[in-house]
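Tertiary structure, described
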Amino acid sequence: AVSSSIGSNIFDILVGLPLPWLLYTLYNSGQKGQSFPVTVGAEDLDISLYILIGMLMVVIGSIALFKWRMIKEMGYFYFFMYFLYVGQELARTSWC
């Protein structure tokens, strides 16, 4: 189950996100003779990247800490980390 979810996420990031943008760009550039870039509004992209790298290090470290075994405590830890992530995202989001 773990390798399936990791593989699914990797597929989503490498295919699921860029493929619609590629098709949009190819469709619009072919119709009008010019390209229309897809803009992504992310002012805090650097902070999000640091958080992603930090979470990845925490996940790898916790897997090693739990001696590469899936136990209940590991699941509780990941629930805690998820709620911590959601909390910081909500705190950083501007609602106006």
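Residues numbered from 1 in each chain as written. Predicted model: local features only at pLDDT ≥ 70, side-chain atom pairs only at ≥ 80, totals over all residues. Heavy atoms only, no water.

**Comments concerning the pattern of salt bridges**
As a reminder, the rule being used: For this analysis, a salt bridge means a side-chain nitrogen from Lys or Arg found within 4 Å of a carboxyl oxygen belonging to Asp or Glu. Each helix corresponds to a stretch of at least 4 residues labelled H or I by DSSP, and each strand to a stretch of at least 2 residues labelled E; elements are numbered beginning at the N terminus. Three exposure classes are used, based on accessible area relative to the maximum for each residue type with a 1.4 Å probe and protein chains only: buried under 20%, partly exposed in between, and exposed over 50%.
Evaluation of the coordinates by the stated rule reveals one salt bridge. Salt-bridge contacts for Arg-92 lead to Glu-89; the nearest nitrogen and oxygen are separated by 2.7 Å. Linking Arg-92 with Glu-89, this pair stays in helix H4 (residues 72-92), spanning three residues, or about one helical turn. When its relative accessible area of 26% is taken as the criterion, Arg-92 is described as partly exposed. You can call Glu-89 partly exposed: its relative accessible area is 23%.

**Here we look at the confidence of the model for the protein**
Rule in force here: Confidence scores here are pLDDT values: one per residue, from the predictor, ranging 0 to 100.
Per-residue confidence for the protein averages 81 on the pLDDT scale, and 83% of its residues sit at or above 70. Ranking the elements of the protein by mean pLDDT puts helix H1 (residues 2-16) last, at 76, and H4 first, at 89.

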